[in-house]
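The primary structure of each chain is shown beneath.
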Amino acid sequence: MQRIGPFLFAVLATISAFFLVWSLPPFQTADEPAHIYRANMITHGYWVAAKVQTDGRIAAGGPSDVAIIEAYFPFHHVPFKPDERANLEDFAKSFTARWDGRVFNVAAENTAPYPPFFYLPQAAAIALGKAIDLPVVQTLYLARAANALTCIVVGFFALLLAGRAHLPLFAVLLLPMSVSLYASMSQDGLVITVTALGIAFLARALSEGRPLRSAEVWASAVCFALVGMTKQPYALLCLMPLAVPAERAAVKRLAVAASLAAAIGWAVWMALAVQTPLIRQDAPTDAMGQLRFLLDNPLAVLTIAVKTFQVWGDEYYQQFVGILGWVDTRLPKPYYAAAYLVLLLSFLPLLLGRRAADWYSGAPARASAVTAAVVLATGALLFGALYMVWTPVGQLWVDGVQGRYFLPLAALLPLAFASGRQEPGFGGSFGGWSAGWPAGPAGVLERGLTWMVWLFPIVSILVVQRTVILRYYLD
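Reading the values: rules and limits
Residues numbered from 1 in each chain as written. Predicted model: local features only at pLDDT ≥ 70, side-chain atom pairs only at ≥ 80, totals over all residues. Heavy atoms only, no water. Axes fitted to C-alpha atoms, helices over the stretch in contact; angles between N-to-C directions. Helix = DSSP H or I, 4+ residues; strand = E, 2+ residues; numbered from the N terminus. Left-handed = near helix turned anticlockwise from the far one by under 90°. Contact = heavy atoms within 4.5 Å. Buried < 20%, exposed > 50% of the residue type's maximum accessible area, 1.4 Å probe, protein only. Salt bridge = Lys/Arg side-chain N within 4 Å of Asp/Glu carboxyl O. Pairing = 2+ DSSP bridges. Expected span 1.5 Å × (residues − 1). 1 Å grid on protein atoms, 1.4 Å probe; cavity = no way out; pocket = protein on both sides within 12 Å on 5 of 7 lines; lining within 4 Å. Points joined across faces, edges and corners; volume = space filled by probe spheres on them. Patch = residues over 30% accessible without salt bridge, like charges linked within 9 Å, V, L, I, M, F, W, Y side chains within 5 Å. Areas by Shrake-Rupley, 256 points an atom, 1.4 Å probe, with all protein chains shown as cover. Core = buried A, V, L, I, M, F, W, Y, C linked by side-chain atoms within 4.5 Å.

**Focus: the packing of helix α5 (residues 120-131) against helix α6 (residues 136-161)**
Item 1. Axis separation between α5 and α6 bottoms out at 8 Å; the angle between their running directions is 145°. Where α5 crosses over α6, the two elements pack in a sense that is right-handed. When α5 is examined against α6, the residues Pro121, Gln122, Ala125, Ile126, Leu128 and Gly129 are found in contact with a partner set consisting of Thr139, Leu142, Ala143, Ala146, Asn147 and Thr150.

Spelled out as structure tokens, the structure:
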């Protein structure tokens, strides 16, 4: 059974992601046009977006090809309309769009502030598609495939390094929502897998009962810095190396400070040089007006927190596991319950193997406290940020938060339950990644849990394939 998990992940993720790469109609993942605009800017030399004149206003964006709009337009009737199908006429019209050099300035306020790093696979594929004169749609498929392959490779190494944290990471990385992001133009797939890689460096040291080596400190810090630059609230992930002791505390403090500086510096740069206010078509928003409302009504924060989950809680519950397309393609309801059950069971070997003292003393207790603090604070900042910029002034719930935003936070959680010492019978040989499982009833339980988590993605693949085919192609 040695190291079967990472290879099993690679096989299952490849099957599920590449099915979505080719079977989801063009531009049918959330904000895919905006993400292809951002990746395409890199091919025009805009590694960093800019403020550009477009449609009679100044907006965050950059140069883009007219052919992208021509390829997208035949499918514009499909998003948000579950009864609409992608038909042969749509594909025929879309395939006529080719890269012909016509360029215009496009507004992409939601993706323009993102750094270029997690768009490099997509940008390279777009550049190749232009070089060999592929139609825009085939270039889109190629870019999706490049993104998926990169995410799978990063996820593979994260699991290879994760030590006893492997099983819950495996479950998170193969949720349908995670896989659908791998198979899209979005940067979010790499945000999830790079977060997992950063946690893997920390979890391995904790699992082996030793301090972090300097190379591990810097490797994790780089991972969290890259993730922290994508969304301002994720900058708090740069604090995660503080969860695990290091051989050289000064090096760890320097790495954390450097990663925070990179994440915060990027956010400040984008705010000053690139970002323009997000425009919500259905309701006006005003960040300063929202701030005045909160200052005048500070106790409203509690009401907003409760009301938000009353209004959107069911959506978060399903979106975290997976609502595909433009958040308009739901999986069968029983599947969500099964996915959450498997996800919870993936943590069980860590929980059962932890000694009582690890909950309140030593490095494991420290890891739990730091992880919990970072997860809760980052979640609060996600809600707070979207309340300020995307929610109408005075509304008593938050709009705009998507369940997929919590997937990187879920990738942090295995560190909260990892431990360098395990109760007899649990967690031996890194929970089954190495020589085998312990003998006796505990070994049987751990073996059963591990195989359940390992094989559940096969169910996910079948459910997702059926859902996508019915949603987009069959009346």
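**Quick look at unusual backbone geometry**
Item 1. You will see that Phe27, though not glycine, has its phi angle at about 65°, which is positive.
Item 2. As for its position among the elements, Phe27 is in the loop between α1 (4-23) and α2 (32-43).
Item 3. The exposure class of Phe27 is buried, given its relative accessible area of 0%.
Item 4. You will see that Asp55, though not glycine, has its phi angle at about 55°, which is positive.
Item 5. You can see Asp55 is positioned in the loop between β1 (50-54) and β2 (57-65).

**Focus on the pattern of salt bridges**
Item 1. This model, assessed by the stated rule, comprises 19 salt bridges.
Item 2. Arg213 is the salt-bridge partner of Glu216, the closest N and O atoms lying 3.8 Å from each other.
Item 3. When its relative accessible area of 40% is taken as the criterion, Arg213 is described as partly exposed.
Item 4. A salt bridge links Asp286 to Arg292; the nearest nitrogen and oxygen atoms lie 4.0 Å apart.
Item 5. Classification of Asp286 by relative accessible area gives partly exposed; the value is 36%.
Item 6. Looking at Arg292, the relative accessible area reads 47%, which means it is partly exposed.

**As for the pairing of β2**
Item 1. In terms of burial, β2 is a largely internal element, 7 of the 9 residues being buried.
Item 2. With 5 bridges connecting them, β1 and β2 associate as antiparallel partners. Looking at the pairing, Ala50 lines up with Gly61 of β2.
Item 3. Inspection of the sheet shows β2 paired to strand β3 (residues 103-107) by 5 bridges, in the antiparallel sense.

**Here's the deal with the sheet that holds β3**
Item 1. The strand order β1-β2-β3 describes an open sheet built from 3 strands, whose pairing is antiparallel. Every other strand in the sheet has two partners, leaving β1 and β3 as the edge strands with one partner each. This sheet shows a mean twist of 65° between the axes of neighbouring strands, independent of strand direction.

**As for helix α10 (residues 214-228)**
Item 1. When the terminal C-alpha atoms of α10 are compared, their 21 Å separation across 15 residues agrees well with the 21 Å that a helix rising 1.5 Å per residue should span.
Item 2. Every buried residue belonging to α10 is among Glu216, Val217, Ser220, Ala221, Cys223, Phe224, Ala225, Val227 and Gly228, and all of these are buried.

**As for the layout of surface pockets**
Rolled over the atoms, a probe sized like a water molecule indicates the empty space that remains.
Item 1. Here the second largest pocket is characterised by a volume of approximately 430 Å³.
Item 2. If you trace the second largest pocket, you find 17 residues lining it, with Phe320, Val375, Phe406, Leu409 and Leu413 closest to the centre.
Item 3. Residue assignment for the lining of the second largest pocket shows that the elements contributing at least two residues are α13 (300-321), α14 (333-346), α16 (362-390) and α17 (407-417).
Item 4. The element contributing the most residues to the lining of the second largest pocket is α16, with 5 residues.

**Here we look at a nonpolar patch on the surface**
Item 1. There is a patch of nonpolar side chains on the surface, built from Ile469, Leu470, Tyr473 and Leu474 and spanning about 310 Å² of accessible area.
Item 2. Turning to its location among the elements, Leu470 is positioned in helix α19 (residues 440-472).

**Remarks on the nonpolar core**
Item 1. With 142 residues, the main nonpolar core has Phe170, Leu412 and Leu415 as its most contacted residues.
Item 2. Apart from residues no more than four positions distant in its own chain, Phe170 is found in contact with Gly5, Leu8, Phe9, Leu12, Leu159, Val453, Trp454 and Pro457.

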